[in-house]
Amino acid sequence: MAPEIPRPLEHPIETNGSAPKKPLRTRPLTSVQERRLTTYLDEKILELTRGYKKHHNRRPQLKLHAYLSAARHLLSFILQIPPVDPSTSLRTTYMLRITGDVLAAVCRYPLTAPPTAPEDHTEDAMDTSPDWTASNANRPAATEADLRSTLTELIDLLDDLDQAWFAVLQRQIWDPDEGAGVYLVLDATIACKSTPVTQTDIARLRSIIVGSEEVLDVWLEEERVSMSRNVSGRRCGNAFDRWGLLGDFDELFHRALDFLDRG
């Protein structure tokens, strides 16, 4: 069961017109809350990683859309961590972890589902069966609608990560109702502060983003070729062009990178 994190409270303040419309205030996590939180997130990230590794070993524990759904759930939970010390660095740490894991994992999944092992195969047999270790040519056929839906879901998750980082870099608190970061108002009744993201973590983030760009490009090209063989009913090697989604990949993490470049 997920631990409870105090929900941000609305806190009206006087502004000079330049402040956000809806600033939020929050309090730091207690040591007990933080311990429960790290235990929960470590377990869930480990589950997600195990599911990915089992898939990569030709055991379809998670298809791409299931992986994306699980990763989005973890992201939404990480964003609930208040950017108030000592939890500020905790949020950054888990954001770096989920960003790196997602960008490394998604390119190992086919857009279409991997083949399903025969029911009478044991786990060991799956690892040695020629049918089970077959290449992409043995993927089950999928429709264009299936592929477009999965690809759109991937773009949406990566865009969510970009928006999340844009908020984290500005030490904003995440408003789940707005789906965006809003400026934090520290509670004046207690001694607390919000420490900026360190230069070391900024360098790590930039490295993760830049390093993933080429990998994503290669993966997309491989999927373009694979789709021409595996989509039922028609050849659609140029489907990405028809869908107009490649431009969305060109814009990935533009908010976070623009913010870093300005800094």
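Here the residue numbering is sequential within each chain, running from 1 through the sequence in written order. The model is predicted, so local features are restricted to residues of pLDDT at least 70 and side-chain atom pairs to those at 80 or more, both for listing and for counting; the totals for chains, interfaces and linings are taken over all residues. Based on all heavy atoms of the structure, the side-chain values leave hydrogens and waters out of the count.

A. Looking closely at the overall build of the protein. On a plain count of helices and strands, the protein comes out with 9 helices and 5 strands. Numbering goes from the N terminus for both helices and strands, where a helix is a DSSP run of H or I of at least four residues and a strand is a run of E of at least two. Each helix and strand of the protein, ordered N terminal to C terminal, gives the series β-β-α-α-α-α-α-β-β-β-α-α-α-α. Method for areas: the Shrake-Rupley scheme with a 1.4 Å probe, in which residue coverage is limited to the protein chains shown. Carbon and sulfur atoms make up 49% of the accessible area of the protein, which amounts to about 14,200 Å² in all.

B. Geometry of the packing of aromatic side chains. Side-chain rings of Phe, Tyr and Trp, where Trp is taken by its six-membered ring, are said to pair if the distance between their centres is within 6.5 Å; with planes under 30 degrees apart they count as stacked, over 60 as edge-to-face, and otherwise as tilted. Considering all chains together, one arrives at 3 aromatic pairs under this definition. Relative to Tyr109, the ring of Tyr67 lies with its centre 5.4 Å away and its plane at 40°, an arrangement referred to as tilted. A residue pair is termed long-range when its members are at least 10 positions apart, and Tyr67 in helix α2 (residues 64–78) and Tyr109 in the loop between α3 (88–105) and α4 (123–128) qualify at 42 residues. Per residue, the accessibility class of Tyr67 equals that of Tyr109, and both read buried. Here Phe166 and Phe259 contribute two aromatic rings whose centre-to-centre distance is 6.1 Å and whose plane-to-plane angle is 90°, an arrangement assigned as edge-to-face. Here Phe166, found in helix α5 (residues 144–169), pairs with Phe259, found in helix α9 (residues 254–262); they are 93 residues apart in sequence, far enough to count as distant. Working definition: with a 1.4 Å probe on protein chains only, accessible area under 20% of the residue-type maximum means buried, over 50% means exposed, and in between means partly exposed.

C. A look at the nonpolar core. Formed by 54 residues in total, the largest nonpolar core has its most connected members in Leu41, Tyr67, Met95, Val102, Val106, Leu158 and Trp165. Counting residues per element, the ones that place at least two in this core are α1 (31–56), α2, α3, α5, α6 (199–230) and α9. Among the elements that make up this core, the one with the highest residue count is α5 (12 residues). In what follows, a contact means two residues having at least one pair of non-hydrogen atoms within 4.5 Å. In contact with Trp165, other than residues within four places in its own chain, are Thr92, Met95, Leu96, Thr99, Leu205, Phe253 and Ala256. For the purposes of this section, nonpolar cores are sets of buried Ala, Val, Leu, Ile, Met, Phe, Trp, Tyr and Cys residues that join through side-chain atoms within 4.5 Å.

D. Looking closely at the environment of Gly100. Relative to the assigned elements, Gly100 resides in helix α3. The class for Gly100 is partly exposed, based on a relative accessible area of 22%. As a C-alpha pair, Gly100 and Gly211 span 111 residues in sequence and 10.0 Å in three-dimensional space.

E. How the structure looks around the pattern of salt bridges. The working definition used for a salt bridge is a side-chain nitrogen of Lys or Arg within 4 Å of a carboxyl oxygen of Asp or Glu. Throughout the structure, instances matching the rule amount to 7 salt bridges. Asp42 serves as the salt-bridge partner of Arg97, at 3.0 Å between the closest nitrogen and oxygen. Note that Arg97 is positioned in helix α3 and Asp42 in helix α1, a separation of 55 residues in sequence. Assessed through its relative accessible area of 32%, Asp42 is described here as partly exposed. Residue Arg204 pairs with Asp201 through a salt bridge whose shortest N-O separation is 3.8 Å. Separated by 3 residues within a single helix, Arg204 and Asp201 lie in helix α6, roughly one turn from each other. Classification of Arg204 by relative accessible area gives partly exposed; the value is 44%. Linked through salt bridges whose partners overlap, the residues forming this network are Asp159, Asp162 and Arg255.

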